[in-house]
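Results of the structural survey
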Amino acid sequence: MTESLDTIIVGAGPAGISAAVFLKRAGIKFKIFERKRTGGLLHNAHLVENYPGFDGLPGKKLVEEMEGQLARWDIEVEMAEVTDIERNDVGFRVRLEDPEPKELDARTVIIATGTIPLKLDLDGSDIIEGKHLFYEIADLPDNISGKEVVVIGGGDAAFDYALNLSEKGASVRIAMRSDKPRCLPLLYERAENDPSIQIYQDCNPASFEMHGGRLVIKCPHMQIKADIVLVAIGRRPSDELIVPLQRDTGANALPGLYIAGDVQQGSYRQMGIAVGDGIKAAMGIMKFLESISDNQEDII
Ligand SMILES: Cc1cc2nc3c(=O)[nH]c(=O)nc-3n(C[C@H](O)[C@H](O)[C@H](O)COP(=O)(O)OP(=O)(O)OC[C@H]3O[C@@H](n4cnc5c(N)ncnc54)[C@H](O)[C@@H]3O)c2cc1C
């Protein structure tokens, strides 16, 4: 028989975690699934300076605090990928893969799946991805001290990555497509004043080649040699589970479906907003479940 729950949370980033803690305290029966790593994108943040009460804490440290909180509340994040969600009589049927296929039913779901990186579609990029080319700093090999790293991008994430890499002892070059950075002036200034970071403007990579075990990034006016390239050219919503649900039912707001965090925030992608969203979804679920049980009592 398919197991039935009050709620299933998909994604254990800040949005999913805040929802989980709230639901646990409210005594609601749920499971939370994560396909990659608990803490989500926050693993990549160099220093979080805009979350009240934590001034300048590395993202990884904040994740440790969150993991401690999950453990204290006896919340287990189950490592599995949710591959499909559809409507059924209970509310939703949720399918999981990895480590093994499984189905669960829940009266409500929270989709807190965050974002995925925009990929570079350049000659050679598919061959080096995962070896020399990465899209998140959290995926890089542990010891990058002394390595030459090129960060491609001109936004907050690219500059945050560069500062983080420099602190880890890497020699960093930022390749920006235009001559105008899109990052916070404060991040640009820090990178400009960091002797381990060089900033190249009007540098739009056209292809990657390997020469003698080293990566050569070819731009129209120059070539840059590197050990690793880290690409931060933007992200898009990880909405693969939401789109079919809304398409199949033709509804934008399905009763019992809650969407929280970066996956629905457009350009307003910040941890504080994701946390608030997770709490709002959990509160919505409490009210929704109460309204269902009130209706059932009326029928009796
Ligand atoms: C370099 C960098 C620096 C940043 N610095 C700051 C900062 O200083 N301050 C700040 O407020 N914010 C910062 N952010 C943004 C912050 O990290 C995000 O806003 C926040 O992590 C969003 O939380 P979320 O839970 O919505 O999504 P995410 O953190 O992306 O978490 C979503 C989770 O869902 C999982 N998932 C996705 N699909 C599935 C599936 N099908 N099945 C199971 N699991 C799934 C993913 O693996 C992921 O772990 C930074 C981001 C980056 C990249």
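Residues numbered from 1 in each chain as written. Predicted model: local features only at pLDDT ≥ 70, side-chain atom pairs only at ≥ 80, totals over all residues. Heavy atoms only, no water.

This paragraph deals with the pattern of salt bridges. Close approach of charged atoms lets side chains of opposite charge pair. Applying the stated criterion across every chain, the model contains 21 salt bridges. Linking K36 and E136 is a salt bridge whose minimum nitrogen-to-oxygen distance equals 3.8 Å. One end of the pair, K36, is in the loop between β2 (30–34) and α2 (59–72); the other, E136, is in the loop between β8 (133–134) and β9 (148–152), and 100 residues separate them in sequence. Relative accessible area serves as the criterion here: at 44%, K36 is assigned to the partly exposed category. (Salt bridge = Lys/Arg side-chain N within 4 Å of Asp/Glu carboxyl O. Helix = DSSP H or I, 4+ residues; strand = E, 2+ residues; numbered from the N terminus. Buried < 20%, exposed > 50% of the residue type's maximum accessible area, 1.4 Å probe, protein only.)

Glancing now at the domain arrangement of the chain. Domain boundaries assigned for the chain yield domain 1 (3–116 + 235–299) and domain 2 (119–231). Domain 1 and domain 2 are separated by 32 Å when their C-alpha centres are compared. Each side of the interface is counted separately: domain 1 has 10 residues, and domain 2 has 11 residues. Between domain 1 and domain 2, the buried area comes to about 880 Å², and carbon and sulfur atoms account for 32% of it. Looking at the side of domain 1 facing domain 2, the largest losses of area belong to R37, N44 and H46, adding up to 60% of the total buried there. Between domain 1 and domain 2 we count six salt bridges in total. (Domains from an automatic or database assignment. Contact = heavy atoms within 4.5 Å. Buried area = accessible area lost by both parts, 1.4 Å probe.)

Right, let's talk about helix α5 (residues 185–192) for a bit. Among all positions in α5, only L187, Y188 and A191 are buried. The arc enclosing the buried residues of α5, seen along the axis, measures out at 100 degrees, which places them on a common side. Set apart from the buried face of α5 by more than 90 degrees, the exposed residues are P185 and E192. Where the residues of α5 are buried, they touch α4 (156–167), β10 (171–175) and β11 (197–200). (Arc of directions from axis to C-beta.)

An ideal rise of 1.5 Å per residue puts 20 Å on 14 residues; α2 measures up with 20 Å between its terminal C-alpha atoms. Buried within α2 we find G59, L62, V63, M66 and L70. What you see down the axis of α2 is that its buried residues fit within an arc of 100 degrees, all on one side. Turned more than 90 degrees away from the buried face of α2 sit A71 and R72, all of them exposed. (Expected span 1.5 Å × (residues − 1).)

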